[in-house]
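What the coordinates show
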Amino acid sequence: MKRAVVTGASSGIGAATVRLLRDHGWNVVGVARRADRLEQLAAETGAEVFVADLTKQADVDALRDHLAATGGVSTLVNNAGGAMGLDSVEAADPADWQAMFDVNVLAVQRVTAALLPLLRASVEPGGAADIMTVSSIAGHIAYEGGGGYNASKFAVHAMIDVLRLELSGEPIRVLEIAPGMVKTEEFSLNRFKGDQARADKVYDNVPDPLSADDVARTIVSTLELPPHVSLDLVVIKPVAQSAAYKVARGQLKVKAAE
């Protein structure tokens, strides 16, 4: 059985991953808060959908119960997440940090813990279940103005590493995709609370940033490797983005590729 749950499926990387998995013949359950977006995705792809706010334990429990009653799950793609603000540590609003930790860290823990028994139960002889988490290069490299987002993504990266140790010996692959600059319709717009001009400037110095489809292709190709092969961490960046970058005046500055 290949049945994947993809969180954050209403837009961006999540929606692109649902589409590509469906194209590859997977059964997919797309999960997000926005029912209207999920309904459109279901109509387009034939995917199942489930409306849930993953920062609420009751919603996560309802998702687990729904999956258990409808065939289980073999693959979890933890994709839901987001950034808020680009303020210094001194100027940051703690409420923004709380919101980022709720969705980027605690929601990943909630969903992973809730679905682990179902993932274990899905494993057939010679096979493996998958926990794939979409983190960020921001969980590996700090940048000015990224205090809260960096902290949340460093935290989820650490949690994934610990989980891999905890599940050692079980037929469960614990995978992480850490994208660099990805231009989607909502990520930067949400970060800057609807300021389209500021969101657009993020990509001014980055020719050909990654697209949601680029990341989805990486996710699906990783999941479809033989079950004994684990790509523990994949960092994916546009060629224009080097490892060193900084934020100046609210705009991400990227060095030329080396």
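Residues numbered from 1 in each chain as written. Predicted model: local features only at pLDDT ≥ 70, side-chain atom pairs only at ≥ 80, totals over all residues. Heavy atoms only, no water.

**Some remarks on the overall build of the chain**
Check the secondary structure of the chain and you find eight helices and nine strands. Buried residues in the chain amount to 50% of all 258 residues. Across the chain, the fraction of contacts at a sequence separation of at least 24, relative to all contacts at a separation of at least 6, is 68%. (Helix = DSSP H or I, 4+ residues; strand = E, 2+ residues; numbered from the N terminus. Buried < 20%, exposed > 50% of the residue type's maximum accessible area, 1.4 Å probe, protein only. Contact = heavy atoms within 4.5 Å.)

**As for the pairing of strand β1 (residues 3–7)**
Burial of β1 is extensive: five of the five residues sit out of reach of the surface. Residues Arg3, Val5 and Thr7 of β1 are buried on one face, and the alternating residues Ala4 and Val6, pointing to the opposite face, are buried as well. Summarising the sheet, β1 and strand β2 (residues 27–32) pair through five bridges and their orientation is parallel. Looking at the pairing, valine 5 lines up with valine 29 of β2. On the question of chirality, the crossover connecting β1 to the parallel β2 by way of helix α1 (residues 12–23) is right-handed. (Pairing = 2+ DSSP bridges. Right-handed = clockwise from strand over helix to strand, strands pointing away.)

**Considering the pattern of salt bridges**
Within this structure, the stated rule accounts for nine salt bridges. Its salt-bridge partner being arginine 64, residue aspartate 65 comes within 3.0 Å of it at the nearest N-O pair. The class for aspartate 65 is partly exposed, based on a relative accessible area of 44%. Arginine 64 gets classed as partly exposed once you look at its relative accessible area, which sits at 28%. Close ionic contact of arginine 164 with aspartate 232 constitutes a salt bridge, the shortest N to O distance being 3.6 Å. (Salt bridge = Lys/Arg side-chain N within 4 Å of Asp/Glu carboxyl O.)

**Some thoughts on the environment of leucine 163**
Mapping leucine 163 onto the fold places it in helix α5 (residues 147–166). The contacts of leucine 163, once residues within four sequence positions are left out, are Thr112, Leu116, Ile131 and Val174.

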